[in-house]
Amino acid sequence: MLKRAPRHLLRPLRRLVRGGMLMSSLWMAGAAAAEVPAAAQFVEPTTRYQHGVLGDAIEWGALEFSSGKKIRLPEALVFEDLTPRVVEIDGVTARDKEGNPSDSGQPDLEFMVVESHQSKGARLALWDDSGRLAVTPFIGQRNRWLAPIGAGDLDGDGRIEVAYIDRPHLAKTLRVWRYEKGQLSEVAAASGFSNHQIGWNYIEGGLRDCGNGPEMIVASGNWREVRAVRFDGSKLSSRRLGAYSAAAIKQAMACK
């Protein structure tokens, strides 16, 4: 049996903070964030992708849903990630066994994950138990990774964006992609940010809303500052919150 160092699940799922209250780790479209149960998990650990950016050499070969369905990746791919992140990207309510919208009023949840290819490196992907919904392009080179920040309506226009740091140890580029009509399209990018160091089994920062709209909390690329980054629909802007430390990141996420 493959054994791995434990990966911290609560730290990558930095909870969205609204007015200092702990809410869900990610934004829910069209409604206030709310705690939602985990409904998917990575299974089938594998060593077929040798990278170890998250502190060990074991990644995941399949995604299993609470519905009982399991989707297995082809040999060229792995989930190089910590845990599936719950998102709600299309406003569709939960469906019954016949595929009709249910009267539960609950959202039909999707999951944001990092997939890595043997020769093309990482990409961000959105899944539900019917399969893969949308992806960003692969970075383009083996052992090149990305670290998710979160997903939500970042600019208040009713559409959902996903954000991540492209190669947090190298390029250190924050990228924002908009989900629309079943596709992800890049809408903004800016260099000089990071949220992960090689070997960490967690990702720092995430999304917060302290009453003035959503902000992405990350470190500066040189790891000297905590930065709050906003997306206004066309470009990214950032401001310094203070000197970097793990405690300072936590305080920023708690609106302190």
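Residues numbered from 1 in each chain as written. Predicted model: local features only at pLDDT ≥ 70, side-chain atom pairs only at ≥ 80, totals over all residues. Heavy atoms only, no water.

1. Here's the deal with the overall build of the protein
In step 1: Looking only at helices and strands, the protein features one helix and 19 strands.
In step 2: Per-residue burial for the protein yields a buried fraction of 49% across its 256 residues.
In step 3: Taking all contacts inside the protein whose residues are at least 6 apart in sequence as the whole, residues at least 24 apart take part in 50%.
In step 4: Of the roughly 11500 Å² of accessible surface on the protein, a fraction of 49% belongs to carbon and sulfur atoms. (Helix = DSSP H or I, 4+ residues; strand = E, 2+ residues; numbered from the N terminus. Buried < 20%, exposed > 50% of the residue type's maximum accessible area, 1.4 Å probe, protein only. Contact = heavy atoms within 4.5 Å. Areas by Shrake-Rupley, 256 points an atom, 1.4 Å probe, with all protein chains shown as cover.)

2. So, the state of the cysteines
In step 1: Within the structure shown, the criterion is met by one disulfide.
In step 2: For C210, the disulfide goes to C255, at an S-S distance of 2.0 Å. Across the disulfide from C210 to C255, rotation about the S-S bond amounts to roughly -90°, and the bridge is consequently left-handed. Here C255 lies in the segment after α1 (246-253) and C210 lies in the loop between β16 (206-209) and β17 (214-220), a separation of 45 residues in the sequence.
In step 3: C210 sits in the partly exposed class, given a relative accessible area of 29%. (Disulfide = S-S within 2.5 Å.)

3. With respect to the confidence of the model for the protein
In step 1: Looking at the protein, pLDDT values average 85 and 79% of them are 70 or higher.
In step 2: Long-range and interchain partners of residues 95-101, a stretch whose pLDDT sits below 50, account for seven contacts in this model, where long-range means more than four residues apart. (pLDDT = per-residue confidence, 0-100.)

4. Notes on the environment of C255
In step 1: Look at C255 and you get partly exposed, because its relative accessible area is 25%.
In step 2: Taking the C-alpha atoms as reference, C255 lies 5.7 Å from C210; in sequence the two are 45 residues apart.

5. Quick notes on the sheet that holds strand β13 (residues 173-180)
In step 1: Ordered by their spatial adjacency, four strands build an open sheet running β11-β12-β13-β14, and the pairing between neighbours is antiparallel. Lying at the two open borders of the sheet, with one neighbouring strand each, are β11 (146-152) and β14 (183-191). The mean angle between the axes of side-by-side strands here comes to 20°, regardless of whether they run parallel or antiparallel.
In step 2: With seven bridges joining them, strand β12 (residues 160-166) and β13 adopt antiparallel strand pairing. (Pairing = 2+ DSSP bridges. Axes fitted to C-alpha atoms, helices over the stretch in contact; angles between N-to-C directions.)

6. Some points on the pattern of salt bridges
In step 1: Evaluated as defined, the whole model comprises 20 salt bridges.
In step 2: Between R85 and D81 there is a salt bridge whose closest N-O contact spans 2.6 Å.
In step 3: The class for R85 is buried, based on a relative accessible area of 3%.
In step 4: Using a relative accessible area of 0% as the deciding quantity, one classes D81 as buried.
In step 5: Among the ionic pairs, D232 bridges to K235, the shortest N-O distance being 2.8 Å.
In step 6: One network of salt bridges, with partners in common, ties together D155, D157, R159, E161, R178 and E180. (Salt bridge = Lys/Arg side-chain N within 4 Å of Asp/Glu carboxyl O.)

7. So, the nonpolar core
In step 1: Grouped together as the largest cluster of nonpolar side chains are 22 residues, with contacts concentrated most on M112, L124, L126, W145, V162 and L184.
In step 2: Sorting the residues of this core by element identifies β8 (110-117), β9 (121-128), β11, β12 and β13 as the ones contributing at least two each.
In step 3: Those residues in contact with L126 that lie beyond four places of it in its chain are V87, I89, F111, M112, G131, R132, L133, A134, V162, Y179 and L184.
In step 4: A40, F79, V86 and W127 belong to the second largest nonpolar core, which has 16 residues in total. (Core = buried A, V, L, I, M, F, W, Y, C linked by side-chain atoms within 4.5 Å.)

8. Let's talk about the side chain of D209
In step 1: Inspection of the secondary structure puts D209 in strand β16.
In step 2: Among the polar contacts listed, one links the side chain of D209 to the backbone nitrogen of N212, at a separation of 3.4 Å.
In step 3: Side-chain polar atoms of D209 contact the backbone nitrogen of G213, separated by 3.2 Å. (Polar contact = N/O pair within 3.5 Å; in protein donor to acceptor, adjacent residues only side chain to side chain.)

9. A short note on unusual backbone geometry
In step 1: Positive phi outside glycine occurs at R167, with the angle close to 50°.
In step 2: Relative accessible area serves as the criterion here: at 25%, R167 is assigned to the partly exposed category.
In step 3: One non-glycine residue, K172, lies in the positive phi region at around 55°.
In step 4: By relative accessible area, K172 is classed as partly exposed at 23%.

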